[in-house]
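Letter by letter, the chains look like this.
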Amino acid sequence: MEYKFAFVVLHYGLYDATVKCVDNLLVKLNADSCVVVVDNGSPDGSGARLLDRYREQPRVKVILLKENVGFSRGLNAGFQYAKEEGCSFIALINNDTWILSDNVCEILEQDYAEYGFDILGPHIDNPEGEKSTGVNPYHGIEKPDMTAVNDWEKMLKTSSVRIRMDDLGLGIAYIKALEAVKRLCRRAKPAHEPDLPPQEDREKIAFGCGLHGCYLIFGPEYVRRYDGLRPVTFLYGEEWLLFRQARLDGLVTMYEPRIRIWHDEHAVEKKQSGHELKKYLAKLRIQRESYRRIIEFVKEERARGRCLDSV
């Protein structure tokens, strides 16, 4: 059977979270939809367990990758499979998400018929509530190239210092000292509130906005033109790269509040971590490499005349 909708779930080592996500999709989505699970080379054998669990479920396809190829490339493996199978709408989602709304596929068809969206993001609820930065419309990525590159470079310097301290065996002590200083500063001067979308903006459709990377739904024209996400980094920065691509290529980004999902934000990181600070330092090394790749990518694109500053 050919499916119109495909929801691609990236899996790495958290069997129970992925099962909860997939089973939710099977209940919430209609019969014209399928689920593609991409095991990103999980070292604990959980990918094989998923393959066995859903072996008799025709709406679920489990793809086992030989190694962890990163966030974008892992999702792209599922995107390309769904595209080759003839799916018109393809969603790329985290495995720590599940759908709260009904009639998701019907809403997507209505929105595409009326607005012709290329990339759609849902209303996101999470444990941090309305004060969370991890919601849609996703603010803070609508920056020109040079402003963004400057930001990436600042973060690169910050992470490099912390990694250097860790190389010297002082990483955990250094971070604890920084946290102590931050606590003192917060007492002396309250932190600046992040630039979050007002509650009223979260209740109405919006266009041209940034979208959070935990749940991205792509329309038929995007599926026809592209093979997923730009695989620039191993992890981090995907939302900004996609927003930049959308602006430069004239793509329609859309926020749809009628589709609501739950994102158990940071739960995956917490479950994977043995020692929080050691985990954080390991993550910094991945972030640093991602920042470098993004900066190089943007500079190369600008040299070819693809420049967000002039859009």
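Just so it is clear, the model here is predicted, and its values are computed rather than measured.

Some words on the overall build of the protein chain
What the protein chain contains, in helices and strands, is 10 helices and 9 strands. Projecting the C-alpha coordinates of the protein chain onto the three principal axes gives extents of approximately 60 × 45 × 40 Å. Buried positions account for 48% of the 311 residues belonging to the protein chain. Of the contacts formed within the protein chain by residues at least 6 apart in sequence, a portion of 87% connects residues at least 24 apart. Accessible surface, the protein chain: about 15300 Å² in total, of which carbon and sulfur atoms supply 52%. Across the protein chain, the 45 positively charged side chains and the 48 negatively charged ones have centroids separated by 7 Å.

What to know about the environment of Val149
With respect to the helices, strands and loops of the structure, Val149 is situated in helix α5 (residues 145-167). Sequence separation between Val149 and Lys299 is 150 residues; the distance between their C-alpha atoms is 8.7 Å. Contacts of Val149, omitting those with residues within four sequence positions, involve Ile295, Val298 and Lys299.

Examining the pairing of strand β3 (residues 60-64)
Across 5 bridges, the pairing between strand β2 (residues 33-39) and β3 is parallel. In the sheet register, Val35 faces β3, and the bridge partner there is Val60. Handedness of the β-α-β unit built from β2, helix α2 (residues 46-53) and β3 comes out right-handed.

Re α2
Think of an α-helix as 3.6 residues a turn; residues three or four steps apart then line up on the same face. Along α2, the residues classified as buried are Ser46, Gly47 and Leu50. Projected onto a plane normal to the axis of α2, the buried residues spread over an arc of 105 degrees and lie on a single side. Buried residues belonging to α2 abut β1 (5-11), α1 (15-28), β2 and β3.

Details of the packing of helix α8 (residues 238-249) against helix α10 (residues 276-303)
Helix-helix packing is described using two parameters, namely the angle between the two axes and the distance between the axes. Between α8 and α10, the shortest axis-to-axis distance is 12 Å and the interhelical angle comes to 10 degrees. Judged by the angle between their axes, α8 and α10 are roughly parallel. For the crossing formed where α8 meets α10, the hand is right-handed. Contacts between α8 and α10 involve Trp240, Leu241, Arg244 and Leu248 from the former and Ile294, Phe297, Val298, Glu301 and Arg302 from the latter. Residues of the contact of α8 with α10, tallied by class, amount to 6 nonpolar, no polar and 3 charged.

Points about a nonpolar patch on the surface
A cluster of nonpolar side chains, namely Tyr115, Ile205 and Phe207, defines an oily patch on the protein surface of about 240 Å² accessible area. Following the sequence through the fold, Ile205 ends up in the loop between α6 (171-188) and β7 (206-207). In this structure Ile205 comes out as partly exposed when scored by relative accessible area, which is 31%.

Some words on unusual backbone geometry
Of note, the amide linkage connecting Asn136 to Pro137 takes the cis form, showing an omega dihedral of -10 degrees. Of note, Asn103 is a non-glycine position whose phi angle comes to about 60 degrees, a positive value. With respect to the helices and strands, the residue Asn103 is situated in the loop between β5 (97-99) and α4 (104-115). Asn103 sits in the partly exposed class, given a relative accessible area of 48%. The phi angle at Tyr236 is positive, at roughly 90 degrees, despite the residue not being glycine. Structurally, Tyr236 is set in the loop between α7 (220-225) and α8. Overall, the relative accessible area of 19% leaves Tyr236 in the buried class.

Calculation notes
Residues numbered from 1 in each chain as written. Predicted model: local features only at pLDDT ≥ 70, side-chain atom pairs only at ≥ 80, totals over all residues. Heavy atoms only, no water. Helix = DSSP H or I, 4+ residues; strand = E, 2+ residues; numbered from the N terminus. Buried < 20%, exposed > 50% of the residue type's maximum accessible area, 1.4 Å probe, protein only. Contact = heavy atoms within 4.5 Å. Areas by Shrake-Rupley, 256 points an atom, 1.4 Å probe, with all protein chains shown as cover. Lys, Arg positive; Asp, Glu negative; His and termini not counted. Charge placed at Lys NZ, Arg CZ, Asp CG, Glu CD. Pairing = 2+ DSSP bridges. Right-handed = clockwise from strand over helix to strand, strands pointing away. Arc of directions from axis to C-beta. Axes fitted to C-alpha atoms, helices over the stretch in contact; angles between N-to-C directions. Parallel < 35°, antiparallel > 145°, perpendicular 65-115°, else oblique. Left-handed = near helix turned anticlockwise from the far one by under 90°. Nonpolar A, V, L, I, M, F, W, Y, C, P; charged D, E, K, R; others polar. Patch = residues over 30% accessible without salt bridge, like charges linked within 9 Å, V, L, I, M, F, W, Y side chains within 5 Å. Salt bridge = Lys/Arg side-chain N within 4 Å of Asp/Glu carboxyl O.

Nothing here speaks to function; it is all geometry.
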